[in-house]
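Each chain, letter by letter, is given below.
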Amino acid sequence: MVIRVKVVVQVKIMPSPEVASVLGATLRTANDAANWLSGEAHRRGETSRKALQGFAYHDLKRRGLSAQPALHVLRKVADAYTTLRANIRAGNLGKPGSKRRARAESKPIAFRPDAAQPYDDRCLSWQVDEQTVSIWTTAGRVRGVRFACSEQARKLLAEHRKGESDLVHRDGVWFLIATCEVPEAEQYEPTDFLGVDLGIVNIATTSDGKIYAGRELNRYRKRQLALRAKLQKKGTRSAKRLLKRQRHKEQRKATETNHIIAKRIVTEAERTGRGIGMEDLAGIRQRVRLRKSQRVALHSWAFAQLGQFVEYKARLAGVPVLFVDPAYTSRMCAECGHTDKLNRVSQGRFACRSCGFVDHADRNGSRNVRARALELWRSGAESHAPAPAQGAGRRSQPGSQSGSTFKPGPSGPGS
């Protein structure tokens, strides 16, 4: 069986003002129907797809949806309640009786008027060579809508697109997000492992000594935080407009940085015939207790995204990846194995109290990650990614033949 990696390609569509108005009306109609159905599902206590289709399918069609869009609305609402239940089971909304959990359980799930709407091949057809799409709307089929993407994204769409695509309206711009299933490269037997230590000051440090500093990104985040605080304090209409324009810039900057770092790590491992060892930091936000001044830095730290990018790029290249237990990697000496809290002299300096070994603290940690990954591989462990977070959305869940999903930037894969 061919194992495939799900790669999500995002392209920008360029409708005329008339077509944009029709697309906006279509999203509003679909999401108004989803809100009505969500209220009915909550009132009846029936949230499965089968139950929803049994009592709501004909009502959805009377609300202006044709057969396939009505089914997609049914699935969207059912999936939203499935995600809610998974978050409740995982404790992501607090303990039983908490205010946050009570709020989530006491009212129907709501959908924004411009929330994404899924399309299948019956409602949306791609003419990749001409870079146009034909799309269903509540006003009828609209043909010849142009889209823009990189050459790499166009090639992915032409060769590997499969399944549903989402119509998205974000910050006044229209996008289509398509799923492509790319065959995974055959995995080679690594000669060694490249250890990767993750951090806030230094985003990633490899066991070769390469440091990917987070100074620029952290400064950018501080500037954005100060700007948001200033604009929120001002509170004028122009300040609010600027806040709206600024809201996704920091996220895009962090995503771009993670793509660049992930590609360089995977390229180096592939070039030298090694695997990649990374720390499994799942749940660290729940485990770590920090002062209030440090919480913004921790919660802005996109380590999970970097791990996902490394994992999917490695699968496409055939590079084995192991995620190891990060416990005490920052306190253990990579030379003699002595573990002591006092070994970590400062954020950037490691000095072993037993053998006197001195090194950059993050490089020492990455060497420990490398050693653990190599030991795991020799004991028979297989290349794997961390288990997905409970309550992941529809696009985050593994498909039947793949275990990772990647969402690139607006112009294409960027890798």
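Coordinates for the structure precede this section.
The rules behind each value
Residues numbered from 1 in each chain as written. Predicted model: local features only at pLDDT ≥ 70, side-chain atom pairs only at ≥ 80, totals over all residues. Heavy atoms only, no water. Axes fitted to C-alpha atoms, helices over the stretch in contact; angles between N-to-C directions. Helix = DSSP H or I, 4+ residues; strand = E, 2+ residues; numbered from the N terminus. Parallel < 35°, antiparallel > 145°, perpendicular 65-115°, else oblique. Left-handed = near helix turned anticlockwise from the far one by under 90°. Contact = heavy atoms within 4.5 Å. Nonpolar A, V, L, I, M, F, W, Y, C, P; charged D, E, K, R; others polar. Salt bridge = Lys/Arg side-chain N within 4 Å of Asp/Glu carboxyl O. Buried < 20%, exposed > 50% of the residue type's maximum accessible area, 1.4 Å probe, protein only. Pairing = 2+ DSSP bridges. Disulfide = S-S within 2.5 Å.

**Some thoughts on the packing of helix 1 (residues 17-44) against helix 3 (residues 67-90)**
How two helices sit against one another is set out by the angle between their axes and by the gap between those axes.
Part 1 of the argument: With their axes 9 Å apart at the nearest point, helix 1 and helix 3 run at an angle of 50 degrees to one another. In terms of orientation, helix 1 and helix 3 fall into the oblique class. Two packed elements cross with a definite hand, and for helix 1 against helix 3 that hand is right-handed. Residues Ala 30, Asn 31, Ala 33, Ala 34, Leu 37, Ser 38, Ala 41 and His 42 of helix 1 form the contact with helix 3, whose own contacting residues are Val 73, Leu 74, Lys 76, Val 77 and Tyr 81.
Part 2 of the argument: By residue class, the composition of the contact of helix 1 with helix 3 is 9 nonpolar, 3 polar and 1 charged.

**With respect to the pattern of salt bridges**
Part 1 of the argument: For the structure on display, the rule yields 19 salt bridges.
Part 2 of the argument: Note that Glu 335 and Arg 367 form a salt bridge whose closest N and O atoms lie 2.7 Å from each other. Here the residue Glu 335 occupies a position in the loop between strand 12 (321-324) and strand 13 (349-351), and Arg 367 occupies one in helix 12 (residues 361-378), the gap between them amounting to 32 residues.
Part 3 of the argument: What makes Glu 335 partly exposed here is its relative accessible area of 48%.
Part 4 of the argument: Given a relative accessible area of 21%, Arg 367 falls into the partly exposed group.
Part 5 of the argument: Among the ionic pairs, Arg 363 bridges to Asp 359, the shortest N-O distance being 2.9 Å.

**Remarks on the pairing of strand 5 (residues 140-148)**
If a strand is regular, its side chains alternate between the two faces of the sheet.
Part 1 of the argument: Across 3 bridges, the pairing between strand 1 (residues 4-14) and strand 5 is antiparallel. Residue pairing in the sheet places Lys 12 in a bridge with Ala 148 of strand 5.
Part 2 of the argument: Relative to strand 5, strand 4 (residues 132-137) is paired through 5 bridges, and the arrangement is antiparallel. For Ile 135, the partnering residue across the bridge sits in strand 5 and is Val 142.
Part 3 of the argument: Here strand 4 folds back onto strand 5, and the loop between the two strands holds 2 residues.

**Observations regarding unusual backbone geometry**
Part 1 of the argument: Look at Gln 131: it is not a glycine, yet its phi comes out positive at around 55 degrees.
Part 2 of the argument: Within the secondary structure, Gln 131 is located in the loop between strand 3 (124-127) and strand 4.
Part 3 of the argument: With phi around 65 degrees, Tyr 328 is a residue other than glycine that occupies positive phi space.
Part 4 of the argument: Mapping Tyr 328 onto the fold places it in the loop between strand 12 and strand 13.

**Considering the state of the cysteines**
Part 1 of the argument: All told, the structure shown has 0 disulfides when counted by the stated rule.
Part 2 of the argument: Sulfur of Cys 149: no disulfide; nearest cysteine sulfur belongs to Cys 180 and is 10.0 Å away.
Part 3 of the argument: Cys 352 carries a free sulfur, and the closest cysteine sulfur to it, the one in Cys 336, is 3.6 Å from it.
Part 4 of the argument: On the basis of relative accessible area, Cys 352 is assigned to the buried category, the value being 6%.

Functional significance is not addressed by these values, which are geometric in nature.
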